[in-house]
Amino acid sequence: MAKFLRYVLLTGLLCALILTGAFLWITLYPKGVFSNTYQSVIQDKVAYDKSLTGKKIVITGGSNCAYGIDEKLLSEKTGYSVANLGLYAGLGDLFQTELVKANLQEGDIVLLAYEYNWPESTSFTDILSDTVMSGIDDDIELYRYVPLRNWSQILGYLGDYAKDKKEHEQNPGEDHHHTLFDADGRMIQERPSCIMGDFVEGESYYNPVDLSGVTISDETVSYLKKFKAYVESKGASVYMIGVPLWDEAAVSDPSTFQELKDEEEEKIGIDFISDPAEYLYPKDLMYDTVYHCNSEGARVRTLQLVSDLQAAGVLSR
């Protein structure tokens, strides 16, 4: 029996070493293959966050943050440094929220700006392996923000990732990283007007947002309650904020946005300091999707956020 147990232990250890070696080889070599991609900007955003000292505002969410927050204006109006970690819904809410933990300090203000699919259970239970792994690329320190329970998804995708890496190396495409963002991960693309299509006969290329009957899943409630407790254990505070949305894309009754806000505060307990209805923007403030602001829309949204923060007394706490 003892020999069998030793055999099982040594076999398990050997398999773990082989898997670790394969993981490191595939992720580290060659380096920087995905450095031109949109999702790789997450490396710059986290690096900038880690460089900040003193009081700061940390924002996370999807691309509504990348396209809808003017970090310099927000910093000027509040006196806080701003780390905008929101980049791309394709990275998943779970991973982008975990990144808030990279440099969370006492007195920090954490703002959650999730697009309206966030009540779904998969938003806070699953890792979207393809975009997360290509976003991290060879900056493997960022894997520490992948929860342990999600590593089976990462390792299960390793073979496909090796293929993705080889294909991208051969055909990298356009450089979205350096043409859209500065070295600190802040949007620099000028977006003077809307280039978004229209709804046609009740249908749209862009998914309409219908919150009728939407409820927050137990998995999402559990995760965000734990996240709130973690933030507060660090002496920081966390709030939900409004998300800019093209008004024509909001096909459910406006009251459903308030209902979702009320449900969030009741079930999770994170103060929702915005009125979601006030973030339903006309087309002339939007850019290329229902969640992306143009340059003027980002300015309007940022000033509106400042007003929310001031009205809620967040900046003086």
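Calculation notes
Counting of residues starts from 1 at the beginning of each chain's written sequence and follows it residue by residue. Only residues with pLDDT of 70 or above have their local features reported here, since the model is predicted, and side-chain atom pairs are shown and tallied only from 80 upward, although totals for entire chains, interfaces and linings are computed over all residues. With hydrogens and water excluded, all non-hydrogen atoms of the structure serve as input to the side-chain values. Each helix is a run of DSSP H or I of at least 4 residues and each strand a run of E of at least 2, with the numbering of both proceeding from the N terminus. We call two N or O atoms a polar contact when they sit within 3.5 Å, provided that within protein one can donate a hydrogen and the other can accept it, with sequence-adjacent residues counted only if both atoms are side-chain atoms. Burial classes follow relative accessibility: with a 1.4 Å probe on protein chains only, a residue under 20% of its type's maximum area counts as buried, one over 50% as exposed, and anything between as partly exposed. When DSSP finds at least two bridges between two strands, those strands are taken to pair. We call Phe, Tyr and Trp rings a pair once their centres come within 6.5 Å, taking the six-membered ring for Trp, and we label the pair stacked below 30 degrees between planes, edge-to-face above 60, and tilted otherwise. Here, a charge over a ring means that NZ of Lys or CZ of Arg falls within 6 Å of the ring centre while also lying within 35 degrees of the ring normal. The axes used here are C-alpha line fits, helices contributing only the stretch in contact, and every angle between their N-to-C directions lies in the interval 0 to 180 degrees. Contact criterion: two residues are considered in contact whenever any of their non-hydrogen atoms come within 4.5 Å of each other. Patches were defined on residues exceeding 30% relative accessible area and lacking a salt bridge, with like-charge contacts within 9 Å and nonpolar side-chain contacts (Val, Leu, Ile, Met, Phe, Trp, Tyr) within 5 Å. Per-residue and other accessible areas follow the Shrake-Rupley method at a 1.4 Å probe size, with only the shown protein chains counted as cover for residues. Only one rule defines a salt bridge in this text: a Lys or Arg side-chain nitrogen within 4 Å of an Asp or Glu carboxyl oxygen. Charged residues are defined narrowly, with Lys and Arg counted positive, Asp and Glu counted negative, and His plus the chain ends left uncounted. By convention, the charge on Lys lies at NZ, on Arg at CZ, on Asp at CG and on Glu at CD.

*Asks:* Help me understand unusual backbone geometry, please; the structure alone is not making it clear to me.
*Replies:* Working note: non-glycine residues mostly have negative phi, and peptide bonds are mostly trans. Note that the residue after Y29, namely P30, is joined by a cis bond; omega there is -10 degrees. Relative to the helices and strands, P30 is located in the loop between α1 (2-28) and α2 (41-51). For D137, which is not glycine, the phi torsion reads 55 degrees and is therefore positive. For D137, the location among the structural elements is in the loop between α6 (129-136) and α7 (151-156).

*Asks:* Any chance you could explain the environment of D175 here in plain terms?
*Replies:* Examined against the element boundaries, D175 turns out to sit in the loop between α8 (158-170) and α9 (176-180). Within polar-contact distance, the side chain of D175 engages the backbone nitrogen of H177 at 3.2 Å. For D175, the side chain forms a polar contact with the side chain of H178, separated by 2.9 Å.

*Asks:* Is there a simple way to explain the pairing of strand β3 (residues 109-113) in this structure?
*Replies:* On a regular strand, one side chain projects to one face of the sheet and the next to the other, so that they alternate. Along β3, five of the five residues are buried, which leaves the element largely enclosed by surrounding structure. Burial along β3 is two-sided: the residues I109, L111 and A113 and V110 and L112 are all buried. Sheet topology places strand β1 (residues 56-61) next to β3; five bridges connect them, and they run parallel. Residue pairing in the sheet places I57 in a bridge with I109 of β3. As paired strands, β3 and strand β4 (residues 237-240) are joined by four bridges and run parallel to one another. Bridge pairing in β4 places I109 opposite S237.

*Asks:* How should the packing of aromatic side chains be read in this particular structure?
*Replies:* The description of an aromatic ring pair uses the distance of the two centres, along with the angle that the planes make with each other. Enumeration according to the criterion identifies 12 aromatic pairs in this entry. A centroid spacing of 6.3 Å and a plane angle of 25 degrees characterise the contact between Y67 and Y287, whose relative ring orientation is stacked. Note that Y67 is positioned in helix α3 (residues 63-68) and Y287 in the loop between β6 (280-281) and α12 (295-311), a separation of 220 residues in sequence. As far as the burial class goes, Y67 and Y287 line up, both buried. Aromatic ring contacts, followed pair by pair, group Y114, W118, F124, Y223 and F227 into a single cluster. When the ring centre of Y29 is taken as origin, the NZ or CZ atom of K31, which lies over that ring, is 5.8 Å away. Sitting over the ring of Y80, K55 keeps its end group 4.6 Å from the ring centre.

*Asks:* What should I look at first to understand the sheet that holds strand β2 (residues 81-84) in this one?
*Replies:* Whether parallel or antiparallel, the strands of a sheet pair through hydrogen bonds between backbone atoms. Strand order across the open sheet formed by four strands is β2-β1-β3-β4, with parallel pairing between neighbours. The strands lining the two open edges of the sheet, one partner per strand, are β2 and β4. In this sheet, adjacent strand axes meet at a mean angle of 20 degrees when their direction is disregarded. Against the sheet, helix α4 (residues 71-78) engages β1 and β2, with an angle of about 145 degrees to β2.

*Asks:* Just checking my understanding: could you explain a negative patch on the surface for this structure?
*Replies:* Together, D253, E259, D262, E265, E266 and D271 make up a negatively charged patch on the protein surface. Of note, D253 is situated in the loop between β5 (245-246) and α11 (255-267). Take D253: its relative accessible area is 46%, and that puts it in the partly exposed class.

*Asks:* Before we go on, may I ask you to explain the side chain of R191 in this structure?
*Replies:* Inspection of the secondary structure assignment puts R191 in the loop between α9 and α10 (218-233). Polar side-chain contacts of R191 include one of 3.0 Å to the backbone oxygen of Y67. Here C293 takes part through its backbone oxygen, which lies 2.9 Å from a polar atom of the side chain of R191.

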